[in-house]
Structures are given as C-alpha cells and as structure tokens.
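Report on the structure
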There are 2 protein chains.
Amino acid sequence: MEEFVYNKVSPEMIEAFQAIVPGKVHVNGDINEDYSHDEMPIYGKAMPEVVIDGTTTEDIAKIVKICYENSVPVIPRGAGTGLTGAAVALHGGVLIDMSKMNKILEYDMENMVVRVEPGVLLNDLAEDARKKGLLYPPDPGEKFATLGGNVATNAGGMRAVKYGCTRDYVRAMTVVLPTGEIVKMGATVSKTSSGYSLLNLMIGSEGTLGIITELTLKVIPAPKETISLIIPFENLEECIGAVPRLFMAHLQPQALEFMEKEIIYASERYLGKSVFPKELEGIDIGAYLLVTFDGEDMDGLEELTEQAAEVVLEAGAIDVLVADTPAKKKDAWAARNTFLEAIEAETKLLDECDVVVPVNRIAEYLTFVKSLEDQYDFQIKSFGHAGDGNLHIYTCANDMDEETFKRQVDDFMKIIYKKAAECGGLISGEHGIGSGKMAYLNDYVGETSMRLMRGIKQVFDPKMILNPGKICYKL
Amino acid sequence: MEEFVYNKVSPEMIEAFQAIVPGKVHVNGDINEDYSHDEMPIYGKAMPEVVIDGTTTEDIAKIVKICYENSVPVIPRGAGTGLTGAAVALHGGVLIDMSKMNKILEYDMENMVVRVEPGVLLNDLAEDARKKGLLYPPDPGEKFATLGGNVATNAGGMRAVKYGCTRDYVRAMTVVLPTGEIVKMGATVSKTSSGYSLLNLMIGSEGTLGIITELTLKVIPAPKETISLIIPFENLEECIGAVPRLFMAHLQPQALEFMEKEIIYASERYLGKSVFPKELEGIDIGAYLLVTFDGEDMDGLEELTEQAAEVVLEAGAIDVLVADTPAKKKDAWAARNTFLEAIEAETKLLDECDVVVPVNRIAEYLTFVKSLEDQYDFQIKSFGHAGDGNLHIYTCANDMDEETFKRQVDDFMKIIYKKAAECGGLISGEHGIGSGKMAYLNDYVGETSMRLMRGIKQVFDPKMILNPGKICYKL
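Values in this document were obtained by computation on a predicted structure and should not be read as measured data.

Glancing now at the packing of helix α7 (residues 236-248) of chain B against helix α12 (residues 362-371) of chain B. Helices that pack against each other are described as a pair by the angle of their axes relative to one another and the distance between those axes. Residue and element names in this part refer to chain B. Contact pair α7 / α12: the axes reach a minimum separation of 9 Å and the direction vectors enclose 160°. Put simply, α7 runs roughly antiparallel to α12. In the packing of α7 onto α12, the handedness of the crossing is right-handed. Each of L236, E237 and I240 in α7 lies in contact with α12, whose residues at this interface are I362, A363, L366, T367 and K370. Tallied by class, the residues present in the contact of α7 with α12 amount to 5 nonpolar, 1 polar and 2 charged.

So, in structure tokens, the structure goes:
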C-alpha cells in the first residue's frame, strides 16, 4: 500500500487557523484528555495536536484547505460516543469538534424535513420534533450522540425494525471534502437517479470521505400513541424463537429488543430500580423481549397487544407485562437505554462486537456465541435488536491484564465474525468499522471489495489526510 | 480527460464466448435491430458487435474478463425500456442480454426477502409475490422492465410516496466487476455499517460500475385492501395545490399521481375507453389527481376516503370519484399506466425530462414550464408523481425536422433544468442520466461532484470498458 507522510501542525498554520476562527483554536496543554478517545478506549488513545471548534461550512473549508496543502491530518469528531475508535486522531493533526455546530436551523413542514447543523444531539432533535408533533424515527441507544455522527455510522437503533436506519432519513447534506472544496449532495426530495449516489456513499463513511457540515433530514408525523410490552421467557432460545412469529403475524412493532437476564440485572443495579420480573410462576426468567407498538389510538394498540400476547404466549412466553402509562414505559426503556453505561460502570476492560445476522439466525448465532464463554476468562453479555438481527455482544473483564484480554478477545472475535458470515450476516450493524474492526472487515468482505473502498477513499482524499487509519486504509 | 482506445471483437474472442456459452452468442446479421436502442431512440442508436444471452454469474464473469483483457466494451441490457440511452452500445462491443436470466429463485418468508435473477420482469415478480400474500412495493409505470434495470436506475414509481424507491428494497446483490471479478454486496439484513456502501453505489449506477447478476429484494406483507380516487380539478394549479394539504392531514396515500387533461385524452384514445370525467357541473376539467390508499380493511379505507374527500373538496376539487371494485381500479390505473405508450403512439419526435422538485414547488415549476410552450414548435405534455415531486415532462412533435426539434428541445431543457435546480430539485427522479442527460447533470452538480463520479468510475473500471459514455464519462 502507498505510504503517506504527514507533517506536524506548524506555528504558521496555527496562526492561520486563529485568523479564520479567533478564539476557537486550542493547542497542546489546552486540549482536554477526552479528545484522545471515544467510548471504546481499548482501540487506542491519541491526542490531536490542535482542536478547533466547528463554526461554519466556509470556515471549515478554509481550515481543511490549509491542512490539505500542508499534508496534515484532519479528524472530524462529534460527541465522542463512537464505539470503534473512528474519531481518534491516530496520526495527530487537527481535530475539528463538530459538536459545537449544534443549531436546529429550520423545519419545512410542507416537505416534512428539518435542516440541522451536524452537532445537534439526537436527543435534542427528538425532543424538539416531538413538540411540533413530529418524529425523527432513528433511535440509537446513545441519545447524546450527534446527528452528524449518526449519519457517519448509519446508526440504526431501536426503531429500525419499523422505520429503517439513519440512511433512510438523510435527504441532503453539505460536505467539506478533504481538498477543502464544498459540495452539496442530495436535495429535499425522496426520489433521485442523478448519477452515482455520493450522498449514500457519505452515509456510513465515518468521517473519512468528507466532513458533514449540514444535514437535511426527513421527519414524519409522530404516531399519537405507543404501548410497550415486557415479555419474560425462561431462556434466550425461546425468547429469540418468538421473534419470527411476531413478523409472520404481521404485527409490525416499532421496536423489538431482546436482553439476557445478566444485562437487566446490571442495568437495574446501575439505575437502582427493579422493573423487570425475575421469577414468575416458579420459573426463573432467563431472557426478555421488550416490544413497542405505535399507532393512532389506544383501542387499536390494545387490539395489537392482545394479538401479540397470543403469539408470544404460544411461543413460550411466561407472561406479558403491559407498560401503557408514560411512567411505566419510561421505566421499561430506561433499563434498555442504560445497558452500555451499566456495563461500563462495573467493567474495567471492555470490547464489543456489533454484528448483524438474518433474524431467523439470531438464536443459532447467540447459542454459538454463548457456547464459547467457557474457553475465555472474560464474561460475555449480549443484548440487541431482535427485530433486525443487530446484536451487541460485550466482552467484559475486571481481573485480567490488558494484553491477555486483548489476545483472548481477538481470538474470540475472529471466531464469532466468521460465524456471522456463515449465517449470512455482516461485521457491523450500526457501530461502524473505525480503527478497531478494520482487520475483521478485511477478512469478511475480501480483497476485491477492500480494493474498491481504498480506491474510493483516494478519489475523495488523494493525500489521505482526512481521518487516516480508519475503515479500509491502515497506515 | 483521459483517452480510451477500444478494440473490435475478434474472431478468437467470439470462439472463446461460444465455448463458454454455446448457442448463446449472436453476431452481426443475427442481431435484432431492437438491441440498437431503448425507448428513447433520439439519444442515438448503435449496434453492438456481439449479443450474448445472460446465463450465470460465472459465465458472465468469464466473458467480461475476456473483454477486459482485450479492451472491448461490455454493455449490460435488461428489457430495453430505459429512457436515457443507458443500454445502448455507443462504442460497439459485447452486449449482454440480462433479460434471459429471469428466474425467481427463492422466497425467504422468515426474513421477508426474495432472491431473483436480474432479468425477472417487475410485472412477473409483482404477480408472483401477490399470490403469496406479499407486496414488492416499488411500482414504476413500466411494468415490463427488468428488476436489474429498476435497480440500475433506482426506479421509483407510483408507490414511492408511501413505500420509498427501489433503493429501499435492495438488500444484497451479486456483481460482476468490469475486471471479471465477482463481488457480493450487502446481506439479508436491514442494518449495516460495514464500510463504504458499495451496494448503494451500485444502485442507480446504470450498468457502468458492474453487472448485477443476482438480487435479494425486500418484500412486505401485502395490504389486504386498496381503494382509488379520481379527483378532477378545473386546472393544474388547484390540482397540485391540494397535494400538500393531503400530507398535512397525515393521510399517507400509497400513490398520488397528477395528470393534465391532454394526457388523459391521449391515453383514453389509445385504450379506446373513457373513464375520467371531462366536464362536471358545467365546469371543464383541466387536471386530475389519482390517489390510492391501502389498508387492512374496507371500513378503515372508507373512513380515509371521507377524510381525503373533505380535504380535496375544500382545496377546490370538483368531485371525488371512488374506484372501489377491481374493475374500476383497473380502469383508472390503466389510463395512468399507458401514458408513455399513448404518447409514443401519436408522436413522431419525442424527448423527455424527469426532474424531481420538492413537493411544495411542483405547481410553481409546472406553471413555469407551461409558460414556455409558446416559444417552441413542440407540444408539452406532463404527468407525474405529485406525492414525491417527480415530474415527467414530454416534448412531442409530429411536424418538425429532427435537427430543429433537437435544437429547440435542448434550449428548453437547459431552461427547465436550471429552474428545477432553483426550486431545490434534481435532474432525474428515476429515469437516470444515461447518455442523454450527461451534459445537464454536469451543469447541475458541478465539476467537483463530476470529478468524484469519474474517479469512482475509474476505480471500478480502470479500462473504461463497461457501458462507456454514460452518466459521467463522455468519450
């Protein structure tokens, strides 16, 4: 592979940056340690030489142009909630903090879109849209990620089973290319066949092809009512086995999550509140489905609930607990939404795998994964999106040294990625590749696809300055 | 731009092809004239040197490899129903007739996908799926296009307003690259963040990046009932003006088409049957909306119909005619589905524009387009997808010489594409770019995006042998 040589940020460059964005340029001792990592520090920490607060498309274009001319790396970073090391300045350079561009610019109610800066947090858009009777459907577990980061990873989330992923809600974007050129992609339309879809190439490119500086996102009228069900099962196999039956009954849940008891226990310890039943009718509960239906009125939802209950009870559910008040729904989902924090709170060494497999292979896949646990010194905790086959499998250890942990995890990951491929799945459902999963991607997609990706990267970024060392190009 | 020199197909190559696919290789006098054009011959006809019937992925890979080694162009062609010249062998070479690979391979009811060869006709999949209680939602006007062609243009169609475009239903594909390598893209999953989306790059690439040899497509449970409404208006402005009101009322039609009276007249002449009212309450009808709602039961649909009627009558509709029996629905949609054939039947010289504009700009845009009619010797006929802003504007002439027609049309197109851009729209909603619209795409997206597209093309196709002279690379 071609060698790229980067320069250090020079004092002249820093002066030039300060002239473009006075007071927004941070250097050396002035840079918070947080900028050296994301939520998965095990993939390596690294400090950027300079951090610049994002301001406008034009300013960013000027800054990137200077970096391009000087062969200095540029790394766009959102809220730093990523799980693959994608926003880490592995080769130093200039990190642009896009979370500072956080204005919701405009709703267009006739075309049902909202224009936002990329640093708006998912949670902020969700709340703002709700006040207007609208729903922005993508709903990743991490509510304090930026929308730019969500687009950069094609984040999926809980509602993907009914509404699709972030990709399906991006209508247009403004992008600063690694050369400093500004390009607009897409438009406020839902249909297009106007040349190669650069828009879709940008989605999921993890800040390696361009810096997203504005987004136009589709919104929908918010469903008027929702109802959630906690469905306990004796074991994970029965729990997952119930999922295809719900689909076959055409019930179309908005969200359909599975969780093992260990992770519910951890979450409830973290929240200090017990919501999920642990034992029913003398049976120890081993796993749960958490299901939400949405609709226009409660009568319709109650009917759906009855139909769903019939299906899951027949499939082996021990009971069906209905969360139909705001407080009950909040409690049920609070447990789900704090899984990662709960795991982090009680785990010293952590790694994860975010495969996606066909929904009818989930049970087989998870059974296989669990069968490996005895071979390693770490614990395995899993939860995920039963509705779309996207599984989050965490390796957790408190009493291992980091080297041994990493070696064991790498061995484990190779085996479970291979199994995912055998099941017809893919390496990552929504977290992306970053630097942490590049080797596994290579194993899975093969040399030809990797060659195409690297070629595309070079078309966008001939000097390889934008977020180097991620997805397809190891330096 | 780089120069590419192509060789002619040699007798040795023909022998090699015959050894790979005996009896499937057609040369010279043996090639039907149909292979020299698509449905828009005005963009130029050209005969391939050899036509080969598509058979299997492996055979096609071998054939393409030979062409690659010999620098001979390869052109994949579906049913030839394209409207931009995309499947025309402008530089000679080998045309592969993909319509011969037309088997529906397998339904996977647990994952709700169907695996097909790319030459299956849209109509054949639609009928087959319906028998299984399933719906393949994309519904372009041309039912006898191949699914491979639909994917290659990201065809949208009538139901895009509710269900999205072809892009949203492609889960995976097998592709033969211009080098003869075979790559699988995507998987039977709805979520992925596993490197750059080569799958989404292939969709809409009009046979220039690779040859699609297999598709895995998402299907959904078929809605149990549908109801259609013919809604006459005095003029086009009021007709289009009613559209945003339907959206604001959250009525979610499955299809929402507008049509001017001239085109309904042409269609009914072609079909020999009158279905649409021409005059009501002493008012001459100038334009129509044709709306379809789908749902699980007729009661719900009747309620929707009443709500929709209230909205459109308030917006100036003269009446609302309900088509609630299979025969009535068929008649109403037969008129819509034969527009292009009806126009072709009574027109000698034909060109078209397929822009897409934000839905709240449709009326302004069409009023502008019609205001230009007096300046030209051709007639303008328009219809399109009021629900998604995708407009089909036809220039039709019977008494002009071709040169004058082409010159006038080019002048007209430049003006209306510019206006589409000013309205925030795009060059093509679903027909694509092919060879016919390359110059307009260049004007609209600008040199930087065109450079990226050309770069991508060269990454996939270093010798520029696959469908040369289309989308972004004029030779």
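Next comes the rest of the account.
Turning next to the UniProt feature "domain: FAD-binding PCMH-type" (unreviewed entry) in chain A. Within this numbering scheme, the UniProt entry marks residues 43-222 of chain A as carrying the feature "domain: FAD-binding PCMH-type" (unreviewed entry). Structurally, residues 43-222 of chain A is divided into 21% helix and 25% strand, and its ends, taken at the C-alpha atoms, are 39 Å apart.

What follows covers the packing of aromatic side chains. Residues and elements named next belong to chain B. Counted by the stated rule, this structure contains 20 aromatic pairs over all chains. Here the guanidinium or amino end of K419 rests over the ring plane of F368, the centre of that ring lying 5.0 Å away. The ring of Y68 has K463 lying over it, and the distance from NZ or CZ to the ring centre is 4.8 Å.

This next bit is on the relation of the copies chain B and chain A. What relates the two chain copies is a rotation about an axis together with a slide along it. Taken as rigid bodies, chain B and chain A are interconverted by a rotation of 180° and an axial shift of 0.0 Å, the fit giving an RMSD of 0.0 Å. Between the two chains, the operation in question is that of a two-fold axis. Comparing interface residues between copies, 97% of those in chain B also sit at the interface in chain A, which points to an isologous, same-surface contact.

This part covers the interface of chain B and chain A. The interface of chain B with chain A comprises 71 residues on the first partner and 69 residues on the second. Together chain B and chain A conceal approximately 5,600 Å² of surface at their shared face, both sides included; 61% is due to carbon and sulfur atoms. The three residues of chain B that bury the most area against chain A are B:K191, B:S193 and B:Y196, which together make up 17% of that side's buried surface. Between chain B and chain A we count 6 salt bridges in total. Residue A:R451 pairs with B:E181 through a salt bridge whose shortest N-O separation is 2.8 Å. On inspection of chain B and its partner chain A, the count reaches 32 residue pairs in polar contact (both at pLDDT 80 or more).

Taken as a whole, helix α3 (residues 122-131) of chain A has its buried residues at A:L122, A:N123, A:L125, A:D128 and A:A129. Contacts from the buried residues of α3(A) go to β5 (104-108), β6 (113-116), β7 (134-135), α4 (147-152) and β10 (211-218) of chain A.

A few words on the pairing of strand β3 (residues 74-77) of chain B. Residue and element names in this part refer to chain B. The alternating pattern of β3 places V74 and P76 and I75 and R77 on opposite faces, both of which are buried. In the sheet, β3 pairs with strand β4 (residues 94-97) via 4 bridges, with the strands oriented parallel. Following the sheet pairing, V74 is matched in β4 by V94.

A few words now on unusual backbone geometry. The phi dihedral of A:E281 is positive, around 50°, even though this residue is not glycine. Structurally, the position occupied by A:E281 is in the loop between β14 (279-280) and β15 (283-284). One non-glycine residue, B:N154, lies in positive phi territory at about 45°. Counting through the fold element by element, B:N154 comes out in the loop between α4 (147-152) and α5 (160-163).

Right, let's talk about the pairing of β10(A) for a bit. Residue and element names in this part refer to chain A. The element β10 is extensively covered by neighbouring structure, given that 7 of its 8 residues are classed as buried. Summarising the sheet, β6 and β10 pair through 4 bridges and their orientation is antiparallel. Its bridge partner being in β10, R115 is matched across the sheet by T216.

A few words now on the sheet that holds β5(A). The pairing of strands in a sheet happens through backbone hydrogen bonds and is either parallel or antiparallel. Residues and elements named next belong to chain A. Strands sit in the order β5-β6-β10-β8-β9 across an open sheet of 5 strands; the sheet is antiparallel. Each of the sheet's edge strands pairs with one partner strand only, and the pair in question is β5 and β9 (182-186). The mean inter-strand angle of the sheet, taken between neighbouring strand axes irrespective of direction, is 15°. Contacting β5, β6 and β10, α3 runs over the sheet at an angle of about 40° to β5.

What counts and how
Residues numbered from 1 in each chain as written. Chains lettered and ligands numbered in written order. Predicted model: local features only at pLDDT ≥ 70, side-chain atom pairs only at ≥ 80, totals over all residues. Heavy atoms only, no water. Axes fitted to C-alpha atoms, helices over the stretch in contact; angles between N-to-C directions. Helix = DSSP H or I, 4+ residues; strand = E, 2+ residues; numbered from the N terminus. Parallel < 35°, antiparallel > 145°, perpendicular 65-115°, else oblique. Left-handed = near helix turned anticlockwise from the far one by under 90°. Contact = heavy atoms within 4.5 Å. Nonpolar A, V, L, I, M, F, W, Y, C, P; charged D, E, K, R; others polar. UniProt positions renumbered as here; feature names shortened; annotations may be inferred. Phe/Tyr/Trp six-rings, centres within 6.5 Å; stacked < 30°, edge-to-face > 60°. Lys NZ or Arg CZ within 6 Å of the ring centre and 35° of its normal. Least-squares fit on C-alpha atoms with pLDDT ≥ 70 in both. Buried area = accessible area lost by both parts, 1.4 Å probe. Salt bridge = Lys/Arg side-chain N within 4 Å of Asp/Glu carboxyl O. Polar contact = N/O pair within 3.5 Å; in protein donor to acceptor, adjacent residues only side chain to side chain. Buried < 20%, exposed > 50% of the residue type's maximum accessible area, 1.4 Å probe, protein only. Pairing = 2+ DSSP bridges.

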